[in-house]
Every structure is written in structure tokens, then in C-alpha cells.
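# Fold and contact review
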Amino acid sequence: GENVEQHPSTLSVQEGDSAVIKCTYSDSASNYFPWYKQELGKRPQLIIDIRSNVGEKKDQRIAVTLNKTAKHFSLHITETQPEDSAVYFCAASYSAGGFKTIFGAGTRLFVKA
Amino acid sequence: KAGVTQTPRYLIKTRGQQVTLSCSPISGHRSVSWYQQTPGQGLQFLFEYFSETQRNKGNFPGRFSGRQFSNSRSEMNVSTLELGDSALYLCASRFDRVQETQYFGPGTRLLVL
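I will try to describe carefully the structure that is included in this document. Computed from a predicted structure; not experimentally measured.

It is worth spelling out the nonpolar core at this point. In a soluble, globular protein the nonpolar side chains are often hidden away together inside. Trp35(A), Phe73(A), Leu75(A), Tyr88(A) and Leu109(A) are the most contacted members of the largest nonpolar core, which totals 25 residues. Those elements giving two or more residues to this core turn out to be strand S2 (10-14), strand S3 (19-25), strand S4 (32-38), strand S5 (45-51), strand S7 (62-67), strand S8 (72-77), strand S9 (86-94) and strand S11 (107-112) of chain A. Ignoring any residue separated from it by four or fewer positions in sequence, one finds Leu75(A) in contact with Ala19(A), Val20(A), Ile21(A), Trp35(A), Ile47(A), Ile48(A), Ile62(A), Ala63(A) and Tyr88(A). In terms of nonpolar packing, the next biggest core, distinct from the first, is built from 21 residues, Val19(B), Leu21(B), Ala87(B) and Val112(B) among them.

Structure representation (C-alpha cells):
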């Protein structure tokens, strides 16, 4: 069935370092890949997304890469700050006949000051 | 524009009871998706509605059902509650059938005793 694997489950970095989170999806029909940040007790917030016809997208300190052949996509956060500490979810979505979004299990990121 | 709203925010029920949760999408958004979030299973897709029609469904038992009204507001119902139904239930809305970006509500936290 449809599945999104996300690694690592926990990531601890020093402030200023980079953080990388990787995801793999199984459904080749997936064509939209959003990343969400969820702080404790809050709703998931979209931080960046990428569509299947693009290989890379960047927004300030955040970048996402997509390898459709390998069904891999990754989130890169540079110059991490303590406020980046949160749980990050990747997701794979397809829109044929209605939207369906499958989420990864999440990565808890700790940024130590 | 007001964001996605969900009511109630917190709910305590006992096993065997049923519950109805409500979601009001962003004004103009016609697609509403529901998700169950638990520490063990992460974010799992329940179903998606567009123009009062269920377009997609996740792998949940028939005890979980939903509907959408003509004003795009959506409800989900869980009958014969089980302890394992304790979770944060999130809804998310998107503009139309081709706009992938979805925005989450604050969630309803359900505790089943």
C-alpha cells in the first residue's frame, strides 16, 4: 500500500549547523510533496512544498530536493536556530480522482543553543 | 481571512459512545480532508470531501464516517468509540480540486475513557 518513510525520527544539531531529513515514498502517482512543521500543541504549518516537475526548491534557509526516479525527497535547513526546534513531517500527495496525502512518521528536531 | 476552525477543541467520551466533530474551512475553500494524529501512528488520512462528495478514503473502519454540507463545512462521526480512538483529529481545507496546498485547523483532542 501507500507508504512514506521518514528518517531520522530524532535529530539533534547545534545552533548554526545544518539539518537534513529524508523521505521515501512508494506510490509513483504522487505528484506533490509538502513539508510541515508542528510545534508542541499547535497545528501543522506548511513550510515548503515541491511538485513533481521540479527537482529543487529553496526558500531562505529551507530547501527541498526531489528525485522522482528514486522516489526520494529531502528537507535541508541551514543555519539552524533554536526556534527551528519542532516536529517536521514530510508528505506525498496525489490528486487523481481526489486528493490523498500520506504523511511520514515525523522527525523531532532539537536545535541546541 | 479567518483560518480553518474546528469545534469542539477538547472532548472526553467513554467507550461505546459516539462523537461528532465539526470543521469550518477557510472561506471559499471547497475541499476538506480529515486526519487522525496519534503518537504511535502519526498523521493518518481519514477522508476527503469536495462539493459534498467523499472523493477519497483512508484505511479506517466503517465506524469513522463524514459528510460535507453545501457551505463546505464538514463533520466527522465516530461511532462505538474505542480506547484507541483517543487522538487529535485535524481537518485541513484547500481551495479547489487542483490546488494542492492545504491549511490545517487547530484540531479536536478526543479522549476516550
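Put simply, an interface is often sized by how much accessible area is lost when its parts join up. Facing 22 residues of chain B, the contacting portion of chain A comprises 16 residues. It is Leu43(B), Glu100(B) and Phe104(B) that lose the most area in chain B upon contact with chain A, and together they represent 33% of the buried surface on that side. Across the chain B-chain A interface, the total number found is zero salt bridges. For the pair chain B and chain A, the number of links is four residue pairs in polar contact (both at pLDDT 80 or more).

Let us look at the sheet that holds strand S1 (residues 5-7) of chain B. Residues and elements named next belong to chain B. As summarised here, the arrangement of the four strands in space is S1-S3-S8-S7, forming an open sheet in which the pairing is antiparallel. Two strands in the sheet have a free side with no partner beyond their single neighbour: S1 and strand S7 (64-68). Strand-to-strand twist in this sheet, taken as the mean axis angle between neighbours without regard to direction, amounts to 20°. Two elements, S7 and strand S8 (residues 74-78), share five bridges in a ladder whose sense is antiparallel. Among the inter-strand pairings, Ser65 is bridged to a residue of S8, identified as Asn77.

Our focus in this paragraph is the sheet that holds S3(A). Residues and elements named next belong to chain A. The sheet built from five strands is open, its strands ordered S1-S3-S8-S7-S6 with antiparallel pairing. Taken across any chain shown, the strands that pair with only one partner, and hence form the sheet edges, are strand S1 (4-7) and strand S6 (56-59). For this sheet, the mean angle separating the axes of adjacent strands, direction not counted, is 15°. Note: S3 against S8, six bridges, orientation antiparallel. Within S8, the residue paired with Thr24 across the bridge is His72.

This next bit is on the state of the cysteines. Per the counting criterion, the structure on display carries two disulfides over all chains. In this model Cys23(A) forms its disulfide with Cys90(A); the gap between the sulfur atoms is 2.0 Å. Across the S-S bond linking Cys23(A) and Cys90(A), the dihedral sits near -100°, which makes this disulfide left-handed. In this pair, Cys23(A) sits in strand S3 while Cys90(A) sits in strand S9, placing the two residues 67 residues apart along the sequence. Judged on exposure class, the residue Cys23(A) and its partner Cys90(A) are both buried. The disulfide partner of Cys23(B) is Cys91(B), and the gap between their sulfur atoms is 1.9 Å. Across the S-S bond of Cys23(B) and Cys91(B) the torsion is about 75°, and the bridge reads as right-handed. Taken together, the positions of Cys23(B) in strand S3 (residues 19-24) and Cys91(B) in strand S9 (residues 87-94) put the pair 68 residues apart, joining distant regions of the chain. We note that Cys23(B), like Cys91(B), is buried.

Calculation criteria
Residues numbered from 1 in each chain as written. Chains lettered and ligands numbered in written order. Predicted model: local features only at pLDDT ≥ 70, side-chain atom pairs only at ≥ 80, totals over all residues. Heavy atoms only, no water. Core = buried A, V, L, I, M, F, W, Y, C linked by side-chain atoms within 4.5 Å. Buried < 20%, exposed > 50% of the residue type's maximum accessible area, 1.4 Å probe, protein only. Helix = DSSP H or I, 4+ residues; strand = E, 2+ residues; numbered from the N terminus. Contact = heavy atoms within 4.5 Å. Buried area = accessible area lost by both parts, 1.4 Å probe. Salt bridge = Lys/Arg side-chain N within 4 Å of Asp/Glu carboxyl O. Polar contact = N/O pair within 3.5 Å; in protein donor to acceptor, adjacent residues only side chain to side chain. Pairing = 2+ DSSP bridges. Axes fitted to C-alpha atoms, helices over the stretch in contact; angles between N-to-C directions. Disulfide = S-S within 2.5 Å.

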